[in-house]
Each structure stands twice: as C-alpha cells, then as structure tokens.
Protein chains: 2
Amino acid sequence: MPDIAKPDVPVILLSHRAPVTFDREGDQRTASRGAGGLVSALMGLAAGLENSVWVCAASSDEDRKVVEQYGDKGSAAVEVSLFPDAGLVDEMDAEQGRQTTTLRMLAIDPVQHEQFYGQISNPLLWFVQHGLYGRASEPDLGRQEHDAFSHGYVAVNEAFADAVAGEVEARGGRALVMLHDYHFYLVAARVRERCPDVTMSHFVHIPWPGPNEWTILPPDMRDPILHGLLGNDVVAFHTERFARNFLLCVQELLGYSVNWGDLTVEIGGRTVAARHYPISIQTEALEELAASDQVAEHRQVLTERFLEGDRQLVLRVDRTDPSKNIVRGFKAFDTLLTDHPELKDRVVFFAMLQPSRQDVPQYQQYISAIGAVVAEVNARHGGHGWEPIQLRMEDDFALAVAAYQICDVLVVNAIADGMNLVAKEAVLVNQRSGVLALSENTGAHQELGSVAVRLYPFDIQQQADAMYEALTMPAKDRADRLRAAADIVRRNDVGKWLDAQLADLEHKLPAR
Amino acid sequence: MPDIAKPDVPVILLSHRAPVTFDREGDQRTASRGAGGLVSALMGLAAGLENSVWVCAASSDEDRKVVEQYGDKGSAAVEVSLFPDAGLVDEMDAEQGRQTTTLRMLAIDPVQHEQFYGQISNPLLWFVQHGLYGRASEPDLGRQEHDAFSHGYVAVNEAFADAVAGEVEARGGRALVMLHDYHFYLVAARVRERCPDVTMSHFVHIPWPGPNEWTILPPDMRDPILHGLLGNDVVAFHTERFARNFLLCVQELLGYSVNWGDLTVEIGGRTVAARHYPISIQTEALEELAASDQVAEHRQVLTERFLEGDRQLVLRVDRTDPSKNIVRGFKAFDTLLTDHPELKDRVVFFAMLQPSRQDVPQYQQYISAIGAVVAEVNARHGGHGWEPIQLRMEDDFALAVAAYQICDVLVVNAIADGMNLVAKEAVLVNQRSGVLALSENTGAHQELGSVAVRLYPFDIQQQADAMYEALTMPAKDRADRLRAAADIVRRNDVGKWLDAQLADLEHKLPAR
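Rules of the game
- Residues numbered from 1 in each chain as written.
- Chains lettered and ligands numbered in written order.
- Predicted model: local features only at pLDDT ≥ 70, side-chain atom pairs only at ≥ 80, totals over all residues.
- Heavy atoms only, no water.
- Buried < 20%, exposed > 50% of the residue type's maximum accessible area, 1.4 Å probe, protein only.
- Helix = DSSP H or I, 4+ residues; strand = E, 2+ residues; numbered from the N terminus.
- Pairing = 2+ DSSP bridges.
- Axes fitted to C-alpha atoms, helices over the stretch in contact; angles between N-to-C directions.
- Contact = heavy atoms within 4.5 Å.
- Buried area = accessible area lost by both parts, 1.4 Å probe.
- Salt bridge = Lys/Arg side-chain N within 4 Å of Asp/Glu carboxyl O.
- Least-squares fit on C-alpha atoms with pLDDT ≥ 70 in both.
- Core = buried A, V, L, I, M, F, W, Y, C linked by side-chain atoms within 4.5 Å.
- Parallel < 35°, antiparallel > 145°, perpendicular 65-115°, else oblique.
- Left-handed = near helix turned anticlockwise from the far one by under 90°.
- Nonpolar A, V, L, I, M, F, W, Y, C, P; charged D, E, K, R; others polar.
- Expected span 1.5 Å × (residues − 1).
- Polar contact = N/O pair within 3.5 Å; in protein donor to acceptor, adjacent residues only side chain to side chain.
- Arc of directions from axis to C-beta.
- Disulfide = S-S within 2.5 Å.

1. Side note on the pairing of strand S18 (residues 435-439) of chain B
Residue and element names in this part refer to chain B.
Consideration 1: Of all 5 residues making up S18, 5 are buried, and the element is well covered by its neighbours.
Consideration 2: Where burial is concerned, the two faces of S18 agree: the one with Val435, Ala437 and Ser439 and the one with Leu436 and Leu438 are both buried.
Consideration 3: With 4 bridges joining them, strand S17 (residues 409-412) and S18 adopt parallel strand pairing. If you follow valine 409 over to S18, its bridge partner there is valine 435.

In structure tokens form, the structure reads like this:
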C-alpha cells in the first residue's frame, strides 16, 4: 500500500463496488478483495483509517446474506479485513497487523437496482459520457427510461445519500466525504442538505463530455445530475478537459456564471471547484506481482507461443466495451498486413478480452463484431500455422502482466477512456522495449502521450501506420521511450493521486 | 430585397452553390435563381454591388457549358441578372432596372469534385458537425478518406482560394471577402497568404461542435480546417455556443490561448474574432408569396383535406436528413396517439419531406426507416378513412407555405441544426394560432425558444407530451405566442443579419 497522509477527520467513502465481496463455497462463506482500479486505489486510503466508513452496494447473493445477518432494513455496518487477507473480522481468527475498515453495505431492491444500474448507469450514462450513441437512431428515451431514472437512479441515489448522511451525523457532522463515479451523481446535493458543514468531493472516473453530448438527456435527467454534483466542494476528474467540460455544462445548461480563471463556480454562497487528478496504479504491488513465479511461468509459455525467431508481439488487454475500439484496432492490423506483406508470419496480435456487460444488447453485438473481423482478418492473411490475431476471452491478471512484459507494442486505441490503467501497467513492467501506442482520447494520454506513438481512434490507416512505426522503431528509441514512460508512472503512483486530492480538500475543512 | 447598407469596397462572395444555375430545354439555355436560405440571403447583398464578384461552383452540365463558352481553364466570369428575371445578361434583351452581379464560376474536375463534395463535405464534415456518427462503428477513416481529403477537399479549396485571391488582386488588394460554409474551410488561410491586407470573414452555417466531436477527424484533417478558418478576421456562426465551441477547438486542439472575454484569439499579430449572427429569412418576399393566389389555392385544397370539422394538423417540412430527426418525431406521434386515444381521427401529421443526398448510404437507409415507422404507426392507429401520418415526398415551397398557414403545430425536433429557417417561415405566415414545437438543439431556439413549446430531440415521451400540450393549449396562449414569434422574426430579418456582419467587418477594413 502506498503511504498516504491520512486526514485527521473521519472519512466517508462511497463507491458502488465494495472492497470486499462475499461468496459461498459449500456451507463456507468466502471473501475476496474487490478488483478494478478504483477500488484498489481507495483501499490504500481506507485501510487503517480510524472512525471511517466505506459505503457500498451489496452485490452478490452472499453480500445480501451478510446484510441480513448483521444489519437491519437492508443496511449493515460490518468490520472487514482488507490486508493481508479479506474477510469479516467477526468471522476470522484474531491476528496482529490486519488492516481493517468499516463497510456500510446497502442491499437494494433488485428491480430498483436493475433500473439504476442496468438501464441508467449502464448503458445510458456510460454511452453518453463515452460518446457512443449514433444519435440519428439512438437512444430513444421513452416512458421506460424516465421510470428507470426516477424510480431507479433517483431512488437508489437517495438511499445511498441517506446512508452517507447518517454516517456523517453519527460522527458529529464533521467529516470528509469522498463520493465516486457515475452511479451516484445525485448524492452530494442531498447529503449537503442534511449536513451543510461536510467537506465533500465527487470523483468522476469516466470522461465528461461537453454540453452537446449532455443534451442527449432531457433536462429532467441532466439538470439533477449537474445540481447533484454541485453539492460538492470539489468535483474531480482525470483530466483538465473533463473538468472544463463539466463547467461548460454548468454554464450552458444551467446558466451559472463560471470563473474560468480558477475553474470554480459560486452556488448559494459556496464555491465549487472542478479539479483534475490523474489516477494511477499501485506500482510496488504490480512490480512485486511481475517478479512472481506465477507470472514467470505464464511469460515462458507466451514467449514460446508468440516470440519464436524474430517474431514480434502486438498486445491489447481490454474489456469488450465498444468504447475500447477493439474492432477498429483489428481493422488497422488488417491494413498493416495488407500494406506490409513482409510482416506476414512475423507478427501476432494477441488480444486478451474480458467479456463485459453481456446483458446489454450493444455489448453482445460488439462481441459478434469482434469475432467477425477477427475471422475475416485471419482468413485473409493467415495460414501455414500462423494466425495473425489470437483472441483470449478471459480475465487473468497474472497472464496479462506476463503479456505486458513481452509485448513489442501495446495497443490502446480507445474511442474515449477516463484514464486507461492498462497503459500505465504495461509500461511499468515491460521488458522488451515495448512501444505504447496510445489513443489521444484517453486520460492517460495527458501524461504518456509525449512518449507514446499516438493513435487517432477513428483513423484506421493512421493506426496501421502507427503500428508499423512502433514495430520498426530503432531499438534505442524504443528503450528511451519505455524508460521515460515507466519513470512517469513510477513518479505518479496512486498514492500521489490520493495525496493531491486530500491536500486540496483539507483547505476546505472547517477549522476545529 | 431588404435594404442593406452596402460597403464601399469591392465585395468577394464565395459559396458552393451559385445564385443562378443554367439548364437546357431543347436548344434553348434556361436560367433559374438558386434556392436555399444561404443563397437567397446573399442575393440581397450581391445584387447591385459595384465592382464585386460572387465566386461559386459550376454544378449543372449547362453551367459547365457556360464556363466553356465564356471562360478559360475551367473558370469564367459572367454577368448575370438576378432580379426580376435570372439569366446571362449577355443573352438577355436590354432592359432597365435589372439587378446584376458578376459570377466567377469554376468548373471542377468531376472526380475531384466527388471527393470534395460527396466524400468529405457530405457526409464526413456534415456528420461530424451534426454529431450523427455512432462512434463505436463509424466512421472508419482509411486511405480512401485521406485521398479524398488531400486530392479532393484540399485541391478544390486551393482552386477556389486562388480564384478568390485573383479577384482580390484584380481589385488592387483592398476588398471585403465573405466566405461561406463547410465546403471551404481551407480557403481563408491561402487567400490571406496572397492578400495579407484583405478583410475576410467565413460564415459557418451548420453547427460547430466541441473538441470531443472534432477528434473524430485526425489532426491532418482537423488542424488544416482550424488553421484555414484562422486566416479570417471574423469566423461567424448562428449561435454563441457554436462560436465558443470553435474557440475551444482552437484552444484544445491547436494549443492557442483564447481571450474568452471578447471571444478572440491572436494569431501572428492578427486578431481573429468568433462571432454569431443568426441568419433569417426575407420576410417581405415570404409574406408576398403567402398572399398569392397560388398559395391560396393550395391552402384551400389542404384545408379540405386535413381540417374537416374540429380536426387539427401537425406539420413538418424537412429534407430527409438524419439530423432532422424525422423518425423520432413519428415515434413521438405514435406515443401521443397511444397515450391519448381521444385524438384518433382528430389529428393528422402531414410531413412534407424532400428526398436528400440519396447517393449517401446513410440517407438511403434513413428514408427506409422513415417509411417503416410511418407504415407501423398508420397500421397501429389508422383506419376508417383516417391516416394518422401523411407523407409527401416533394419540394414545393408554395405548398409548404400554404401548409405553414393552416397548421396547428409545426414540429421542428432536429438533433442538431445550424439555424432552421422552417421555424421562422412558419411562424411568420401561420393564420391559425399555430404552435411552434422547437428542438432546443436548433440555432433558431436561441431566438424563438421562449415562445415555443420546447422539444428534447432524443426524448420520445417528452416530444409526445409537448405535442399534446401544443394541441390542447388555450387559444389565447397560442395566439399570444404566435404573435410574439412572428414579431421576433419580422424584427430580425435577413437584412439585419447582413448589416450586423458588415458593421463588424467595416471596423476591420484598413483606412483608405
């Protein structure tokens, strides 16, 4: 865990995903630490804080059982261990040196949760914020979406706001509240009403587009979202462009006057600041994993499979989300092989893809489109035992780390991406002077763009040309760029991300 | 023609479409005045100016014949009459009182013109600027698009820039150059190089989105577009939002520092201003047409057809462009009839649609989608001699004016629209206290939003509710709103639009 200057007031965290989730094997309850960049990042803060609490949703069936067992009315506060092992402290053997935190888990009515999560958060907000709708024909917002918003998104946000406000009040009203992501845009305004003296921030981990894109939502959705966020002292994003876009929305859609000099807006006597803090990774933990035997074994297998002779490896690691631009990446590889037939049999594109949100039709269709283009490219160019594109539909982080280490090119060509941690992970551990080919539309591009080969995500030809540039770059250039990229990531790990936020928020804390 | 304070320097106009186009009937050359809001608006300026010229493209076969006959190397300057009758002055009988202007017509190589017009201007720039691409899968920019840009768009822009610069030089270098629309973004920078002392504006008649949307184009397309426009003294749009979005692009995509106080940017010692001037219509000419016998006859036919008993008429008049949001308008009408069955047999939606750009696949598909939804809605709700939606695929302005006069609701629900003149035309001539239902995403909304029923173009339910509100609004409210809307249009006719631009540009003219 990174060292962070812990604030001297109680901290209330809110995220949809929990840092610990429960499961059942036979009659035994099991626990595992939450995955994902956000939860990992916050664990460093939460673990060991005193008198603090992490509010989250009960997701699994076993999570709900824990809430039933320990709580009341769909809500339970439980003490959990995060390190070295995850679990309910109550059910674990006494042991020294555990880092524990208090979870407030809310079990939401499943129908309501589906409206909140499956209809509004994903796909509606996700698609709007990543600019994925083809506006000529989608979305068609009707009674169903309005119902899902008011009975799902609004209601669930109110329930979480009430839980957060309750935790603040239980601590005498003086607390630092840190809200997270697109599930909870309405929470801050409601918490602010009950707890006017709280210091509160909301971190938006996905892109924030300009007013044009937000007009996809009618005012009875977008206005509460903006007003909700304006309940905070700080609204935080990964890049300055997102922060500015947020204030543009406040100006153009709500009519407030923005102070563009310091990126603030005055609302009812309070100052709300839009800020940006690029999230990062836990560099030490990743370097430790990269040095493990498990990764070494994977590395050996992958090396034998992909790097025979002078072969080169192009890699991507992504969820199968349309925002990741997987299909165009393969089309660019197709163009690369057409333009440079000398690369045939000498380069493989290994794509580790984690199937994602398969209950959403657009995601199902996207998997089909991926399969279709892979088949086409392999049929057109492959043969004689050489398969140009090799898919692996699996979520195996140790395997991904091994692949990071041995790739020649990592392709991150996202249409839009709040940050993209894959780029940061790969450059930290790569051992082969691998080149990062990075979309200009990722948050990571702000930090790593100058040492990456830049990708323009809608331009197939440019991506093909960029892959060629990366594959044929002189060894010294490759090594220099990689070293510079790894330095940038090492200097800006997730501890720095948290520290910068806490430093800004401490100025906002009322004097004791 | 509106009265305009004519500038006392030569004026060079540039638009793709010509104010006069030629055709052939048998062995006779015929001429007709150009249609479309832009050309009509500029004719008022051009007619009667001295020592001025209008540069435009030869479009028809007969236009090309005129260029061959009167010109050299694909370019001809001809003197044409605009009022009262259109034609080549050379071929017309001598007559007093004609308003004439000089046309410089360029005949562009058809292959190049197809790349310039059929691949880059439409659909690429049109789709980017109206936000119509579903970015998960379109566009795929490849070698073909890059070729079309460099060999088509760039080359044609250079040809027109050279023609404009030649006209400026022929007038001693002191001239007012007014460039128009998305076909010619690269012209100004090249003219500025040859004619540094020229005063120059470029009017963009379609929406200008923010930087997010412009990143659909790679830098080798978007940067020349922005640099091209920065060759002007004034870059003009219909709304302040578009002007601000342009400067955001200059700031974020080119890295220039913008003066947000007065919406300017300093480029190499010059000041470039982003300004907005909402275009309008020729109110007197429209009121004259509305009072004509031809329109009266149409009005009688339409009244008998649609307004029997207490029936009400919902109207739309549009090109079949996906940006016009025709399909969602019919879906909203479907929802209206489902929610309010009492309206069955009492309301008709008459849609006058002009087929548009049928060589572009998305436009072909959009016509199919229109036909599909109309058939569904009519099958679901119609019967007993009542057809809820009635389509007319025809471009007949006199018929449209008659329909404007007798409609109860005019629906303008565009996804994005630079201005939308249909809204202004209809409120000026309506005789039935018709209600304007107007998308917030049209330029016209800035002027007419406060007296219209507002439409949120992605929200089917809201549009259905808004149509219901409009159809059932008390008579006095309807009359008050219509009167207010007509007053706004009458006070801001196209003469005012031109005057405001000329006044701003005169400050930029070097002293004589």
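2. Overview of the sheet that holds strand S14 (residues 312-319) of chain A
Backbone-to-backbone hydrogen bonds pair the strands of a sheet. The strands run either parallel or antiparallel.
Residue and element names in this part refer to chain A.
Consideration 1: Strands sit in the order S16-S15-S14-S17-S18-S19 across an open sheet of 6 strands; the sheet is parallel. Whereas interior strands pair on both sides, the edge strands pair on one side only; in this sheet they are strand S16 (389-393) and strand S19 (453-455). Ignoring strand direction, the axes of neighbouring strands in this sheet form an average angle of 20°.
Consideration 2: Here strand S15 (residues 347-354) pairs with S16 via 5 bridges, running parallel. Each residue of the ladder has a partner; that of methionine 352, found in S16, is arginine 392.
Consideration 3: The sheet strands contacting helix H10 (residues 293-306) are S14, S15 and S16, and the helix crosses S15 at an angle near 135°.

3. Points about the interface of chain A and chain B
It is common to report an interface's size as the accessible area lost on association of the parts.
Consideration 1: On the side of chain B, 44 residues touch chain A, which itself brings 44 residues to the contact.
Consideration 2: Summing the contributions of chain A and of chain B, the shared interface buries around 3,700 Å²; its carbon and sulfur component is 41%.
Consideration 3: When the buried area of chain A at its contact with chain B is split by residue, A:Arg135, A:Arg241 and A:Phe458 rank highest and sum to 18% of it.
Consideration 4: Here B:Arg244 ties to A:Glu252 by a salt bridge, and the two come within 2.8 Å at their closest N and O atoms.

4. Some words on the relation of the copies chain A and chain B
Consideration 1: Note on the copies: chain A fits chain B at an RMSD of 0.0 Å, the axial shift is 0.0 Å, and the rotation between them is 180°. Taken together, the rotation and translation relating the two chain copies correspond to the operation of a two-fold axis. Closest to the rotation axis within chain A is the C-alpha of A:Gly134, separated from it by 1.6 Å.
Consideration 2: In this assembly, 100% of the residues forming the interface of chain A have copies in chain B that are likewise at the interface, indicating an isologous arrangement.

5. Quick notes on the nonpolar core
Consideration 1: Among the nonpolar cores identified, the biggest contains 145 residues, and A:Tyr185, A:Trp208, A:Phe246, B:Tyr185, B:Trp208 and B:Phe246 are the most heavily contacted of them.
Consideration 2: Each residue touching B:Phe246, except ones within four places of it in the same chain, is listed here: B:Trp208, B:Leu226, B:Leu229, B:Leu230, B:Val235, B:Phe237 and B:Ala274.
Consideration 3: If you look at the next biggest cluster of nonpolar residues, it comprises 117 residues, including B:Ala86, B:Leu103, B:Ala485 and B:Ile488.

6. Here's the deal with the environment of A:Gln282
Consideration 1: Here A:Gln282 is to be found in the loop between strand S13 (270-276) and helix H9 (283-290).
Consideration 2: Sequence spacing of A:Gln282 and A:Pro224 is 58 residues, and the spatial spacing of their C-alpha atoms is 35 Å.

7. Section: the sheet that holds strand S7 (residues 99-106) of chain B
Consideration 1: With respect to topology, 11 strands assemble into an open sheet ordered S6-S5-S7-S4-S1-S8-S9-S10-S13-S12-S11 (chain B), the strand pairing being mixed. Edge strands, defined here as strands with exactly one partner in the open sheet, are strand S6 (87-88) and strand S11 (258-259) of chain B.

8. A short note on the packing of helix H4 (residues 143-170) of chain B against helix H5 (residues 187-194) of chain B
Residue and element names in this part refer to chain B.
Consideration 1: Remark: H4 packs on H5, axes separated minimally by 9 Å, with the N-to-C direction vectors making an angle of 40°. As summarised for this structure, H4 and H5 are arranged oblique, according to the angle between their axes. Pair H4 / H5 crosses with right-handed handedness. Two secondary-structure elements touch here, H4 through Asn157, Glu158, Phe160, Ala161, Asp162, Val164, Ala165, Gly166 and Glu169 and H5 through Val187, Arg190, Val191 and Arg194.
Consideration 2: Looking at the contact of H4 with H5 residue by residue, the class counts come to 6 nonpolar, 2 polar and 5 charged.

9. Thoughts on helix H17 (residues 475-491) of chain B
Consideration 1: Along its 17 residues, H17(B) runs 24 Å from first to last C-alpha, staying within 8% of the 24 Å computed at 1.5 Å per residue.
Consideration 2: Next to the buried residues of H17(B) lie helix H9 (283-290), strand S14 (312-319), helix H14 (421-429), S18, helix H15 (445-448) and helix H16 (460-471) of chain B.

10. A closer look at the pattern of salt bridges
Consideration 1: Scanning the entire structure with this criterion turns up 70 salt bridges over all chains.
Consideration 2: The closest approach of N and O atoms between A:Glu394 and A:Arg392, which form a salt bridge, is 3.0 Å.
Consideration 3: The exposure class of A:Arg392 is partly exposed, given its relative accessible area of 29%.
Consideration 4: A salt bridge links A:Glu440 to B:Arg222, with the shortest nitrogen-to-oxygen separation between them at 2.7 Å. Taken together, the positions of A:Glu440 in the loop between strand S18 (435-439) and helix H15 (445-448) and B:Arg222 in helix H7 (residues 219-229) put the pair across two chains. Of the two residues, A:Glu440 and B:Arg222, neither departs from the other in class, the shared state being buried.
Consideration 5: The network of salt bridges with common partners includes A:Glu158, A:Asp162, A:Glu169, A:Arg190 and A:Arg194.

11. Regarding the side chain of A:Asn430
All names here are of chain A.
Consideration 1: In this structure, asparagine 430 sits in the loop between helix H14 (421-429) and S18.
Consideration 2: In terms of polar contacts, asparagine 430 uses its side chain to reach the backbone carbonyl oxygen of cysteine 407, at 2.9 Å.
Consideration 3: Within the structure, the side chain of asparagine 430 is placed 3.2 Å from the backbone nitrogen of serine 433, a separation counted as a polar contact.
Consideration 4: Among residues more than four places away in sequence, those in contact with asparagine 430 are Tyr404, Gln405, Ile406, Cys407 and Leu482.

12. Details of the pairing of strand S13 (residues 270-276) of chain B
Residues and elements named next belong to chain B.
Consideration 1: Strand direction decides the pairing type here: strand S10 (residues 234-237) and S13, joined by 4 bridges, are parallel. Residue pairing across strands places phenylalanine 237 opposite histidine 276, the latter belonging to S13.
Consideration 2: For strand S12 (residues 264-267) and S13, the ladder comprises 4 bridges, and the chain directions are antiparallel. Paired with valine 265 across the bridge in S13 is valine 272.
Consideration 3: The antiparallel pairing of S12 with S13 creates a hairpin that spans 2 residues between the two strands, and glycine 268 there sits at a positive phi of about 55°.

13. So, the packing of H9(B) against helix H13 (residues 397-406) of chain B
Residue and element names in this part refer to chain B.
Consideration 1: Here H9 crosses H13 at 85°, and the two axes come no closer than 10 Å. By the angle between their directions, the pair H9 and H13 is classed as roughly perpendicular. On the side of H9, the interface is formed by Leu286, Leu289 and Ala290, while H13 contributes Phe397, Val401 and Gln405.
Consideration 2: When the residues that make up the contact of H9 with H13 are grouped by side-chain class, the tally is 5 nonpolar, 1 polar and no charged.

14. Brief notes about helix H18 (residues 494-508) of chain B
All names here are of chain B.
Consideration 1: In this model H18 runs 22 Å from its N-terminal to its C-terminal C-alpha over 15 residues, within 8% of the 21 Å that 1.5 Å per residue would give.
Consideration 2: Within the span of H18, buried status applies to Val494, Gly495, Trp497, Leu498, Gln501, Leu502 and Leu505. Down the axis of H18, the buried set is contained in an arc of 155°. They therefore lie on one face.
Consideration 3: Where H18 is buried, its residues meet helix H1 (37-46), strand S8 (176-180), strand S9 (199-203) and S10.
Consideration 4: N-cap assignment for H18: the residue whose side-chain oxygen lies 3.0 Å from the backbone N of glycine 495 is aspartate 493.

15. Comments concerning the state of the cysteines
Consideration 1: Evaluated as defined, the whole model comprises 0 disulfides over all chains.
Consideration 2: Free of any disulfide, A:Cys195 has its nearest neighbouring cysteine sulfur in A:Cys56, separated by 19 Å.
Consideration 3: Classification of A:Cys195 as buried rests on a relative accessible area of 4%.
Consideration 4: Free cysteine B:Cys249: the closest other cysteine sulfur is in A:Cys249, separated by 15 Å.

16. Quick word on the side chain of B:Ser280
Residue and element names in this part refer to chain B.
Consideration 1: Within the element layout of this structure, serine 280 appears in the loop between S13 and H9.
Consideration 2: Here serine 280 falls in the buried class, since its relative accessible area comes to 3%.
Consideration 3: A distance of 2.9 Å separates a polar side-chain atom of serine 280 from the backbone oxygen of asparagine 492.

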